[in-house]
Amino acid sequence: MDGRDISVQGACDDRSRAPCRHDRGSRAGRTMAVESDPASLEAHADPPPTAPAGFVSGYLRKLAGAHRDSPAPAPWQHTAYSTAIAIVSLVVVFNINRESLDNLQDVELLLGSFGASSVLVYHAIESPMAQPMNVVAGHALSAVVGVAIAMVVPESMLWLAGPVSVGLAIAVMALTNTTHPPGGATALTAVIGSDHLRSLGFYYVLQPVLTGAVAMVICAVLLNNLHPQRQYPLYWVNQVRRQRTDGSQGKA
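Residues numbered from 1 in each chain as written. Predicted model: local features only at pLDDT ≥ 70, side-chain atom pairs only at ≥ 80, totals over all residues. Heavy atoms only, no water.

> Pulling in residues and values, what's your account of the overall build of the chain?
Within the chain one finds 11 helices and two strands. Starting at the N terminus and ending at the C terminus, the chain contains elements arranged as α-α-α-α-α-α-α-α-α-α-α-β-β. For the chain, the residues scored as buried account for 32% of the 252 residues in total. When contacts within the chain are restricted to residue pairs at least 6 apart in sequence, long-range pairs at least 24 apart make up 69% of them. Accessible surface, the chain as shown: approximately 16100 Å² in total, 63% of it carbon and sulfur. (Helix = DSSP H or I, 4+ residues; strand = E, 2+ residues; numbered from the N terminus. Buried < 20%, exposed > 50% of the residue type's maximum accessible area, 1.4 Å probe, protein only. Contact = heavy atoms within 4.5 Å. Areas by Shrake-Rupley, 256 points an atom, 1.4 Å probe, with all protein chains shown as cover.)

> Which residues make up the side chain of Gln131, and what values go with them?
For Gln131, the position within the fold is in the loop between α6 (104-122) and α7 (132-152). Among all residues touching Gln131, those that are not within four sequence positions of it are Ile125, Glu126, Tyr232, Pro233, Leu234 and Tyr235.

> How would you explain the nonpolar core if you had to name every residue and give the values?
If you look at the biggest cluster of nonpolar residues, it comprises 20 residues, and the most contacted ones within it are Phe114, Val121, Tyr122, Val135, Met216 and Tyr232. Broken down by secondary-structure element, the contributors of at least two residues to this core are α5 (76-97), α6 and α11 (203-224). Top element by residues in this core is α11. It accounts for eight residues. Apart from residues lying up to four places away in sequence, Tyr122 is in contact with Ser82, Ile85, Ala86, Ser89, Met216, Cys219, Ala220, Asn224 and Arg230. (Core = buried A, V, L, I, M, F, W, Y, C linked by side-chain atoms within 4.5 Å.)

> Tell me about unusual backbone geometry, and name the residues and values.
Here the residue pair Gln207 and Pro208 is connected by a cis peptide bond, since its omega of 25° sits within 30 degrees of zero. By the element assignment, Pro208 lies in helix α11. Pro233 follows Tyr232 through a cis peptide bond whose omega is 5°. In this structure, Pro233 sits in the loop between α11 and β1 (241-243). The backbone of His67 shows a phi angle near 60°, a positive value even though the residue is not glycine. Residues other than glycine seldom take positive phi values, yet Asn177 does so here, at roughly 60°. You can see Asn177 is positioned in the loop between α8 (158-175) and α9 (183-192).

Shape descriptors only; they carry no functional weight alone.
Take a look at the structure:
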């Protein structure tokens with residue numbers, strides 16, 4: 001071993017110094033050799049990500065929940081007041097529409113839809129889905145969809161007409177920014193109701209749906225605001241605010 005090899009070895013053994021230039025040269029040589037050989041390059045490449053495994057693990061993490069705190073329950077006074085005005089409102093809606101519904105099945109279906117709306121407009125009054133435009137337009141548009149599907153799809157295919165009416169009602173409400181979950185039941189009622197209800201055609205949109213939705217909103221405005229700690233609605237018309245390029249807020 002000559003003096004040059006001894007000096008290189010001594011430099012590499014000294015751990016207090018920077019990485020040895022001799023080692024860097026060796027690594028660079030190995031890198032050049034790998035790059036010049038395609039087979040070696042493929043062997044040293046990072047393994048491809050396992051997409052299915054990543055999807056499954058991410059999906060399972062979602063099932064565990066977002067680990068957020070649930071909202072506190074409403075005070076009993078708030079709940080009692082919501083219960084009372086919901087009963088009053090549904091009695092009004094029933095009496096307004098009982099002339100157009102001579103079948104007990106239709107009454108049950110309709111009250112199911114408006115009963116779901118009552119939870120929003122008399123209890124969860126700050127929800128965007130409880131505001132007047134969502135209630136009225138959500139029910140009306142869903143009724144139009146339901147009647148149209150009932151006219152197009154044969155009655156023998158209710159297994160298809162029902163789900164399609166609900167799915168399209170969701171799409172229409174979402175596109176018009178009038179989402180109101182009970183509207184799905186309104187669309188479904190137009191399809192699975194009695195022969196009398198189906199014979200109403202688009203008159204079903206006007207009565208009982210539109211008259212019932214408007215009556216519920218009127219009752220909600222009058223009765224909610226009697227309570228000193230309530231204010232309904234938060235807004236009458238849905239207005240989406242967007243960020244302008246100058247940073248200020250503007251109406252869409």
